Amino acid sequence: MTPTDAERDALDAVIEEARARFVPGAGPVFTAAVVMGDTRLALCANEVAETCDPSRHAEVAVIAAAARAQGGTDLSGATLVASMQPCEMCLAAMRWAGIDRLVFAMTQERAPAFFHFPGLGIADFARASGDAFDWHGGSGAGRLAHIYQGDA
């Protein structure tokens, strides 16, 4: 899958938002956006700490914001753009919303500590969904290494 210009622009915004929100020693921050065609519907950061809700990952928050912006829960034709490869829960939320494209920066291979099913990669989840979504990952990962890998 080749990301569109709008998806690449959203990925740049997501990466810059994660970098801007990152505070060394405070833990990683995750950010995500939803793009519909050429329009970015929403961009959010994870809300886990603020809400004391372990399900409020950036992807879940942005899917909810995009659904509100669209006035319904069907986001068919949209793209989820994330600073980190979405976890298993976020992939399920993406599919429940009908999102069929995914673009992300940091990959599971580069930052495995964030995944609770390490034996399953993104290709496994795509196959398990009957290839219901296309994905592109890894672009811009180096710009986030200091957050997710502790390299800097």
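Calculation notes
Along each chain, residue indices are assigned from 1 in the same order as the chain's sequence is written. Residue-level local features of this predicted model are given only where pLDDT is at least 70; pairs of side-chain atoms are given and counted only at 80 or more, and the full residue set underlies all totals for whole chains, interfaces and linings. The side-chain numbers reported here are obtained from all heavy atoms of the structure, hydrogens and water having been left aside. Helix axes use the C-alpha atoms of the stretch in contact, all axes being lines fitted to C-alpha atoms, and the angles between their N-to-C directions lie in the range 0 to 180 degrees. Only DSSP runs of H or I covering at least 4 residues are called helices, and only runs of E covering at least 2 are called strands; the numbering of each starts at the N terminus. Roughly parallel means an angle under 35 degrees; roughly antiparallel, over 145; roughly perpendicular, 65 to 115; everything else is oblique. What makes a crossing left-handed is the near helix being turned counterclockwise from the far one by less than a right angle; a clockwise turn instead makes it right-handed. Any two residues having at least one pair of non-hydrogen atoms within 4.5 Å are treated as being in contact. Each residue gets one label: Ala, Val, Leu, Ile, Met, Phe, Trp, Tyr, Cys and Pro are nonpolar, Asp, Glu, Lys and Arg are charged, and the others, such as Gly, are polar. UniProt positions are given in the numbering used here, feature names are shortened, and annotations may be inferred rather than shown by experiment. Salt bridges are counted wherever a side-chain nitrogen of Lys or Arg sits within 4 Å of a carboxyl oxygen of Asp or Glu. When a residue's accessible area, from a 1.4 Å probe over protein chains only, is under 20% of the maximum for its type it is buried; when over 50% it is exposed; and in between it is partly exposed. Note on aromatic contacts: the rings of Phe and Tyr and the six-membered ring of Trp form a pair at centre separations within 6.5 Å, being stacked when their planes are under 30 degrees apart, edge-to-face when over 60 apart, and tilted otherwise. Two strands form a pair only when DSSP identifies at least two bridges running between them. Working rule for helices: expected span equals 1.5 Å times residues minus one. Using protein atoms alone on a 1 Å grid, points that fit a 1.4 Å probe yet trap it form a cavity, whereas open point sets bounded by protein on both sides within 12 Å along at least five of seven lines form a pocket; residues with an atom within 4 Å of a point count as lining. Grid points are joined across faces, edges and corners, and a volume is the space filled by probe spheres set on the points.

- The chain goes by CMP/dCMP-type deaminase domain-containing protein in an unreviewed UniProt entry, where it is assigned to Salipiger mucosus DSM 16094.

## Let's talk about the packing of helix 3 (residues 58-70) against helix 4 (residues 88-96)
- Axis separation between helix 3 and helix 4 bottoms out at 9 Å; the angle between their running directions is 15°. If you check the angle between helix 3 and helix 4, you find them roughly parallel. At the point where helix 3 passes helix 4, the crossing takes the left-handed sense. Packed against helix 3, whose contacting residues are E59, V60 and I63, the element helix 4 presents M89, C90, A93 and M94 at the interface.
- The residue makeup of the contact of helix 3 with helix 4, split by class, is 6 nonpolar, no polar and 1 charged.

## Observations regarding the UniProt feature "domain: CMP/dCMP-type deaminase" (unreviewed entry) in the chain
- Per the UniProt record, "domain: CMP/dCMP-type deaminase" (unreviewed entry) is annotated on residues 5-128.
- Helix makes up 40% of residues 5-128 and strand makes up 21%, while its end C-alpha atoms are separated by 28 Å.

## A word on the pattern of salt bridges
- In this structure the tally under the stated criterion is 8 salt bridges.
- Where R21 meets E17, a salt bridge forms, and the shortest distance between an N and an O atom there is 2.6 Å. Of this pair, R21 and E17 both sit in helix 1 (residues 5-21), 4 residues apart, which is roughly one turn of the helix.
- Overall, R21 belongs to the partly exposed group, its relative accessible area being 45%.
- Each member of the salt-bridge network shares a partner with another, and the members are D12, E16, R19 and R143.

## Regarding the packing of aromatic side chains
- Inspection of every chain in the model, using the stated rule, returns 4 aromatic pairs.
- Centroid distance F30 to F114: 5.3 Å. Interplanar angle 85°. Geometry classified as edge-to-face. Residue F30 is located in the loop between helix 1 and strand 1 (31-36), and its partner F114 is located in the loop between strand 4 (101-106) and helix 5 (122-128); the two are separated by 84 residues in the primary sequence.
- Look at F114 and you get partly exposed, because its relative accessible area is 27%.
- Cluster of aromatic residues (ring-pair linked, three or more members): F30, F114 and Y148.

## Comments concerning the sheet that holds strand 1
- Ordered in space as 2-1-3-4-5, the 5 strands form an open sheet in which the pairing is mixed. Taken across any chain shown, the strands that pair with only one partner, and hence form the sheet edges, are strand 2 (39-45) and strand 5 (134-137). Each strand axis lies, on average, 15° off the axis of its neighbour in the sheet, ignoring direction.

## Quick notes on helix 1
- In this model, helix 1 (17 residues) spans 24 Å end to end at C-alpha, consistent with the 24 Å of a helix rising 1.5 Å per residue.
- Where helix 1 is concerned, the buried positions are A6, E7, A10, L11, V14, I15 and A18.
- For helix 1, the elements touching its buried residues are strand 1, strand 2, strand 3 (78-84), strand 4 and helix 6 (145-148).

## A look at the layout of surface pockets
- In this structure, the largest pocket encloses a volume near 360 Å³.
- Elements with a minimum of two residues in the lining of the largest pocket: helix 2 (48-51), helix 3 and helix 4.
- Per element, the largest residue contribution to the lining of the largest pocket is 3 residues, and it comes from helix 4.

## Thoughts on the side chain of Q108
- Within the secondary structure layout, Q108 lies in the loop between strand 4 and helix 5.
- Q108 sits in the buried class, given a relative accessible area of 7%.
- Filtering out sequence-adjacent residues up to four positions away, Q108 remains in contact with Q85, F115, F117, P118, L120, G121 and I122.

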